[in-house]
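Chain and residue survey
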Amino acid sequence: MLSDTHEDLRAQVRAFAESEITPRIPRMENSGDIETGLVKDMGARGWIGVTIPTAYGGMGAGHEAKTVVVDELSLHSAAMGAAAQASILGVAKIDHFGTEEQKREWLPPIAEGTLLPTIAVTEAESGGHVLGMASTARRKGRGWVLDGRKVFVGNSAIGHLHGVVVRTGEGPGGLTAFLVEHDRKGVSAPPHPPRIGLKGFSFGELHLDAVHVSDSHRIGDIGDGLAVAYSSSVLYGRLNLGAVALGILRATLAQTTAFISGRDRITGLGVVRDRLGDITAHVKMAELAVYHAARSLDRGEPCDQDLITAKLHAVEAAQHATRLGMRTHGATGLLTSVPMERFHRDALCLEPPAGTSDIQRHRLAEEALTPGRHRPWSQRFARPLTPAPAPAPDTLLAHTA
Ligand SMILES: Cc1cc2nc3c(=O)[nH]c(=O)nc-3n(C[C@H](O)[C@H](O)[C@H](O)COP(=O)(O)OP(=O)(O)OC[C@H]3O[C@@H](n4cnc5c(N)ncnc54)[C@H](O)[C@@H]3O)c2cc1C
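Everything quoted here is computed from the prediction, not taken from an experiment.

Positive phi, normally seen in glycine, also occurs at F152, with a value near 55°. We note that A210 has phi near 50°; this positive angle belongs to a residue other than glycine. Along the polypeptide, A210 turns up in strand 7 (residues 203–214).

Turning next to empty space enclosed by the protein. Space left empty within the atom packing is revealed by a probe, the size of a water molecule, rolled over the atoms. As enumerated under the stated definition, the model contains one cavity of 30 Å³ or more in all. Put simply, the largest cavity is a space of about 40 Å³. The wall of the largest cavity is formed by I25, M28, E29, S77, A78, A79, K199, R342 and D346. Taken together, the elements giving at least two residues each to the lining of the largest cavity come down to helix 2 (25–31), helix 5 (78–89) and helix 12 (340–348). In terms of residues, the lining of the largest cavity owes the most to one element, helix 2, which gives three residues. Of the residues belonging to the lining of the largest cavity, the class tally is four nonpolar, one polar and four charged.

The UniProt entry lists residues 3–113 under the feature "domain: Acyl-CoA dehydrogenase/oxidase N-terminal" (unreviewed entry), expressed in the numbering used here. Structurally, residues 3–113 is divided into 72% helix and 0% strand, and its ends, taken at the C-alpha atoms, are 25 Å apart.

Looking now at the side chain of T67. Along the chain, the position of T67 falls in helix 4 (residues 62–76). Setting aside its immediate chain neighbours within four residues, T67 contacts L239, A243, V290, Y291 and A294.

For the protein chain, the domain assignment lists domain 1 (4–112), domain 2 (117–226) and domain 3 (232–400). Interface area for domain 1 against domain 3, summed over the two sides, is near 2,400 Å², with a carbon-plus-sulfur share of 58%. The largest per-residue losses of area from domain 1 upon contact with domain 3 belong to H63, E64 and H96, which jointly make up 24% of the total buried on that side. Our count for the domain 1 to domain 3 interface comes out at four salt bridges. R295 is paired through a salt bridge with E64; the nearest N and O atoms lie 2.9 Å apart. If you look at where domain 1 meets domain 3, you find 12 residue pairs in polar contact (both at pLDDT 80 or more). When contributions to the side of domain 1 that touches domain 3 are tallied by element, the ones reaching two or more residues are helix 2, helix 4, helix 5 and helix 6 (92–97). Considering only residue class, the side of domain 1 that touches domain 3 consists of 13 nonpolar, 11 polar and six charged.

Now for the side chain of T328. The topology assignment puts T328 in helix 11 (residues 304–329). For T328, a relative accessible area of 6% translates into the label buried. Among the polar contacts made by the side chain of T328, one reaches the main-chain carbonyl oxygen of L324 at a distance of 2.7 Å. T328 has contacts with T256, F259, I260, I266, V272 and R275, leaving out every residue within four places of it along the chain.

Looking at the ligand, there are 19 residues lining it, with V121, T122, F152, T356 and D358 nearest. Within the contact set of the ligand, an oxygen atom lies 2.7 Å away from a backbone nitrogen or oxygen of V121. Take G154: an N or O atom from its main chain is 2.9 Å from an oxygen atom of the ligand. For the ligand, whose free accessible area comes to 970 Å², the fraction covered by protein is 63%. Elements with a minimum of two residues in the shell around the ligand: strand 1 (117–120), strand 3 (143–154) and helix 13 (357–369). When residues in the shell around the ligand are grouped by element, the largest group, three residues, is from strand 3. Looking at side-chain class alone, the shell around the ligand contains 13 nonpolar, five polar and one charged residues. Each of two domains, domain 2 (117–226) and domain 3 (232–400), supplies a minimum of three residues to the shell around the ligand.

Let us look at the packing of aromatic side chains. As enumerated under the stated definition, the model contains six aromatic pairs in all. Between the aromatic rings of W377 and F381, the centroid separation amounts to 6.0 Å while the plane-to-plane angle is 10°, which identifies the pairing as stacked. Across the pair, exposure class does not vary: W377 and F381 are buried alike. The ring of Y236 carries the charged tip of K66 above its face, separated from the ring centre by 4.6 Å.

Within this structure, the stated rule accounts for 21 salt bridges. A salt bridge links E72 to R10; the nearest nitrogen and oxygen atoms lie 2.7 Å apart. Within this pair, whereas E72 is found in helix 4, its partner R10 is found in helix 1 (residues 4–21), the two being separated by 62 residues in sequence. Here E72 matches R10 in class, with each residue buried. Note that R250 is salt-bridged to E287, the shortest N-O span being 2.9 Å. Of the two residues, R250 is situated in helix 8 (residues 225–261) and E287 in helix 10 (residues 270–298); the sequence distance between them amounts to 37 residues.

It is the contact of helix 5 with helix 8, at a shortest axis distance of 10 Å, that shows an interaxial angle of 165°. On the basis of the axis angle, helix 5 is roughly antiparallel to helix 8. Helix-helix and strand crossings are classified by hand; for helix 5 and helix 8 the assignment is right-handed. Packed against helix 5, whose contacting residues are A78, G81, A82, Q85, I88 and L89, the element helix 8 presents S232, S233, Y236, G237, N240, L241, V244 and I248 at the interface. Of the residues in the contact of helix 5 with helix 8, the class split is eight nonpolar, six polar and no charged.

Basis of the calculations
- Residues numbered from 1 in each chain as written.
- Predicted model: local features only at pLDDT ≥ 70, side-chain atom pairs only at ≥ 80, totals over all residues.
- Heavy atoms only, no water.
- Helix = DSSP H or I, 4+ residues; strand = E, 2+ residues; numbered from the N terminus.
- 1 Å grid on protein atoms, 1.4 Å probe; cavity = no way out; pocket = protein on both sides within 12 Å on 5 of 7 lines; lining within 4 Å.
- Points joined across faces, edges and corners; volume = space filled by probe spheres on them.
- Nonpolar A, V, L, I, M, F, W, Y, C, P; charged D, E, K, R; others polar.
- UniProt positions renumbered as here; feature names shortened; annotations may be inferred.
- Contact = heavy atoms within 4.5 Å.
- Domains from an automatic or database assignment.
- Buried area = accessible area lost by both parts, 1.4 Å probe.
- Salt bridge = Lys/Arg side-chain N within 4 Å of Asp/Glu carboxyl O.
- Polar contact = N/O pair within 3.5 Å; in protein donor to acceptor, adjacent residues only side chain to side chain.
- Buried < 20%, exposed > 50% of the residue type's maximum accessible area, 1.4 Å probe, protein only.
- Near = heavy atom within 4 Å.
- Areas by Shrake-Rupley, 256 points an atom, 1.4 Å probe, with all protein chains shown as cover.
- Phe/Tyr/Trp six-rings, centres within 6.5 Å; stacked < 30°, edge-to-face > 60°.
- Lys NZ or Arg CZ within 6 Å of the ring centre and 35° of its normal.
- Axes fitted to C-alpha atoms, helices over the stretch in contact; angles between N-to-C directions.
- Parallel < 35°, antiparallel > 145°, perpendicular 65-115°, else oblique.
- Left-handed = near helix turned anticlockwise from the far one by under 90°.

Here it is as structure tokens:
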């Protein structure tokens, strides 16, 4: 159940999506071109700055509001939901690790939508094993020289301010993060190879060839790079991807319901109704998991397990539900003029970012076997929203039982 404020926000996003995004989907699908203009328009509406504190010009509306934005965008276009979340994600490192000076310099233009941030961690060889990265920064005078190749960076081609995590030393404490402008000498983002889904969203390579930056571009302390990477993916990324998956789930339910409703021959079939029931349950469970995690973050509660579960469950539910939707559409599902196949392709693209399902399961098992081994990232970076959101209904039930 959303508050009136969140319902209003959802209505604004829906109006934008219907008038600006939906008409452009055929072009995105056919050309695969990156929709720079749409992402800028979303930024101009303040949505990239939804979690930026009001003191820096942002909406200061927290993670539930962010989830509403990404969920609703993704109902219309998962590519645009993914693009919005990729830059919303880029805010985390500045908000949580930036100096006051860095926040004053970078957060206001992000909040205005004139500067799109990214976070660039992944490398081809190391993949999800962040500590395996090989890109480096070495000291030169008072500054640094960065070299390396990042892959699958969200908004790589359209981002203005890349947050790159690179090696400055050995071991887990040997990673450091830097802010690098897209037009700085030595920075390039090569054209993307074609991808199966999320067409219109740029997730590609970022090359750093002898890029000189001053020490004022370092974000966090030397050695904070792993924490910077995790603050982005654990705190923001998992929930964001869960919200994209939820949007796809809602779209799948609407499309499959409409398809069945118009066909008397199959409407009454038990197997078809069972699938629709399953898709509905997937939507409801994903909604509970995703919004519960968002509200927990906004209350400043330790909720790493909830964030993991939201991502794991919503993404796998979206993959399963879109498969059921495809089956239910029969051969019609294979037509690119019907959006069902797009939902299915887009859902497949959500598994790797912010940790594959294998990694999420591994993290959940680790905590189950050795509880409290790691201090939760959500507790480390807790930033309760003021005023705090109302307790979730399940909490109320627990108190009154
Ligand atoms: C749409 C999209 C957006 C993205 N956005 C960004 C971004 O903004 N910034 C960024 O830096 N990166 C981004 N990524 C990259 C993403 O973080 C990586 O894809 C992810 O970390 C996994 O790396 P990999 O794809 O190389 O797979 P690998 O890590 O090579 O994994 C390959 C396979 O091995 C399994 N595996 C690997 N290690 C383990 C393990 N320890 N235990 C169990 N199984 C394991 C995986 O589950 C998988 O099945 C994005 C990717 C996509 C698809």
